[in-house]
Amino acid sequence: VSVHMGLSLLLASLMVYITVRSFRIESGGYNPSLQSAPLRYRVAILWFLAMTQMVFGARIRGGIETLSEQFPLLNSGALLSKVGGIAHLHYFIGAIILVAAVILVPWVLKADSSRSPLVRQSAMGILPAGITQIILGSILVIAGIPQLMQLLHLWFAAIFIGLIVMTFDSLSYIKEGAYGR
């Protein structure tokens, strides 16, 4: 499950990246810029953490499904505790991602006005998507593990990854004729 999930997300990330890059080439008006390389590096680290987090989440879900077949009378809380330390690692990395997003998003929003408006729009979506992820994950732990919550948790994770990829790509362009800061 985890390898399949990781490869799927990697391919989805590449598709978003290629789509945004193709649009930028087709529409013109923005030139490549190496100026924001350190900021792009930080966004790439956030992407890596989010991808790692999703793979751990897939491992937890797979573990719960296997355990529910072996122990059909256990409730979801007991199943989650039987999954082991990976669940705690998943919570810990989620907290790190949220803190990193809280720090990173204001840096991205401070990028000068010669950047594409897509930088601001995608960056402004990262924090709400991350907070939604934390809320959905908490509901999964508190209220049990309903299938709909699992699906929503996965969807928002994919949206979160897509927003990170869009922010990463958009930071590499500035308006034609602009030199930035």
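Keep in mind it's a predicted model, so treat the numbers as computed, not measured.

Scanning the protein chain from N- to C-terminus turns up six helices and two strands. Reading the helices (α) and strands (β) of the protein chain from amino to carboxyl end gives α-β-α-α-α-α-α-β. Scored against the burial criterion, the 181 residues of the protein chain give a buried share of 39%. At a minimum sequence separation of 6, the contacts of the protein chain that also span at least 24 residues come to 81%. Surface summary for the protein chain: the accessible area is close to 10,200 Å², and the carbon and sulfur share equals 72%.

Secondary-structure assignment places S170 in helix α6 (residues 147-170). Given the relative accessible area of 0%, S170 is considered buried. For S170, the side chain forms a polar contact with the main-chain oxygen of M166, separated by 2.8 Å.

On to the nonpolar core, then. By size, the foremost hydrophobic cluster in this structure holds 27 residues, and its most contacted members are V108, I126, F160 and I164. Broken down by secondary-structure element, the contributors of at least two residues to this core are α1 (2-27), α2 (37-70), α4 (85-109), α5 (117-142) and α6. Examining the composition of this core, we find that eight residues originate from one element, α2, more than from any other. The contact partners of F160, leaving out residues within four places of it in the chain, are A50, I97, I126, A129 and G130. Counting residues in each nonpolar core, the second largest holds seven residues, with I60, I64, L79 and A87 among its members.

In the structure shown here, the tally under the stated rule is one salt bridge. Between E65 and R61 there is a salt bridge, with the nearest N and O atoms lying 3.4 Å from each other. Separated by four residues within a single helix, E65 and R61 lie in helix α2, roughly one turn from each other. The class for E65 is partly exposed, based on a relative accessible area of 40%. A residue is classified by how much of its surface remains accessible, and R61, at 33% relative accessible area, is partly exposed.

The next point concerns the packing of α4 against α5. The angle between the axes and the distance between the axes are what describe a pair of packed helices. Where α4 meets α5, the axes come as close as 9 Å, and the angle between the chain directions of the two elements is 160°. The angle between the axes of α4 and α5 places the two elements in the roughly antiparallel class. In this structure, the crossing between α4 and α5 has a hand that is left-handed. On α5, the residues that touch Y91, G94, L98, A101, V102, V105, V108 and L109 of α4 are V119, R120, A123, M124, I126, L127, G130, I131, I134 and V141.

Right, let's get into the packing of α2 against α4. Packing of α2 against α4 leaves a shortest axis separation of 9 Å and a crossing angle of 155°. It follows from the interaxial angle that α2 and α4 lie roughly antiparallel. Pair α2 / α4 crosses with left-handed handedness. Residue classes in the contact of α2 with α4 are distributed as 18 nonpolar, five polar and two charged.

Thresholds, definitions, all that
- Residues numbered from 1 in each chain as written.
- Predicted model: local features only at pLDDT ≥ 70, side-chain atom pairs only at ≥ 80, totals over all residues.
- Heavy atoms only, no water.
- Helix = DSSP H or I, 4+ residues; strand = E, 2+ residues; numbered from the N terminus.
- Buried < 20%, exposed > 50% of the residue type's maximum accessible area, 1.4 Å probe, protein only.
- Contact = heavy atoms within 4.5 Å.
- Areas by Shrake-Rupley, 256 points an atom, 1.4 Å probe, with all protein chains shown as cover.
- Polar contact = N/O pair within 3.5 Å; in protein donor to acceptor, adjacent residues only side chain to side chain.
- Core = buried A, V, L, I, M, F, W, Y, C linked by side-chain atoms within 4.5 Å.
- Salt bridge = Lys/Arg side-chain N within 4 Å of Asp/Glu carboxyl O.
- Axes fitted to C-alpha atoms, helices over the stretch in contact; angles between N-to-C directions.
- Parallel < 35°, antiparallel > 145°, perpendicular 65-115°, else oblique.
- Left-handed = near helix turned anticlockwise from the far one by under 90°.
- Nonpolar A, V, L, I, M, F, W, Y, C, P; charged D, E, K, R; others polar.

The values are spatial; any link to function lies outside them.
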